[in-house]
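# A structural walkthrough
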Amino acid sequence: EIRADGYGTRDFYLACFLRCIGYQLINLRPEGARKVFVFRDRPSRREDVLSFYSDMAKVPPSTFSATIKDMKALLHNA
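Read on for a plain summary of the structure.

Reading the values: the criteria
Residues numbered from 1 in each chain as written. Predicted model: local features only at pLDDT ≥ 70, side-chain atom pairs only at ≥ 80, totals over all residues. Heavy atoms only, no water. Helix = DSSP H or I, 4+ residues; strand = E, 2+ residues; numbered from the N terminus. Contact = heavy atoms within 4.5 Å. Areas by Shrake-Rupley, 256 points an atom, 1.4 Å probe, with all protein chains shown as cover. Buried < 20%, exposed > 50% of the residue type's maximum accessible area, 1.4 Å probe, protein only. Arc of directions from axis to C-beta. Pairing = 2+ DSSP bridges.

### Some thoughts on the overall build of the chain
- Helix and strand counts for the chain come out as three helices and three strands.
- Ordered by position from N to C terminus, the α and β elements of the chain give β-α-β-β-α-α.
- Considered along the principal axes of its C-alpha atoms, the chain spans approximately 30 × 30 × 20 Å.
- Nonlocal contacts in the chain, meaning residues at least 24 apart in sequence, comprise 66% of its contacts between residues at least 6 apart.
- When the accessible surface of the chain is totalled, it reaches about 5200 Å², and 51% of it is carbon and sulfur.

### Side note on helix α2 (residues 45-53)
- Of all the positions in α2, only Arg45, Asp48, Val49, Ser51 and Phe52 are classed as buried. End-on view of α2: buried residues confined to an arc of 160 degrees, all on one side of the axis. Of the exposed residues in α2, those oriented more than 90 degrees away from the buried face are Arg46 and Tyr53.
- Where the residues of α2 are buried, they touch β1 (7-9) and α1 (12-20).

### Here we look at the pairing of strand β3 (residues 34-39)
- As defined by bridge partners, β1 adjoins β3 across three bridges and the pair is classed as antiparallel. Directly across from Gly8, in β3, lies its bridge partner Val38.
- Pairing analysis gives six bridges linking strand β2 (residues 25-31) to β3, with the strands arranged antiparallel. Bridge pairing links Asn27 to Val38 in β3.

And the structure:
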């Protein structure tokens, strides 16, 4: 099911992974002292998230590292 309001996560590394595999970040929503990364949802999201948590995902390490740096900058400038 694709959610109209997007898919949100507070998990920083999951958010980095989703960016690496092409999910579009559509919002960075405040939630108390933390932020929620909101992505345009996809039909494959459930499988994508499960592949991340089950260590079955394949992302080039240099891409993941660069995305982490970008996302940290986004958090600090939000």
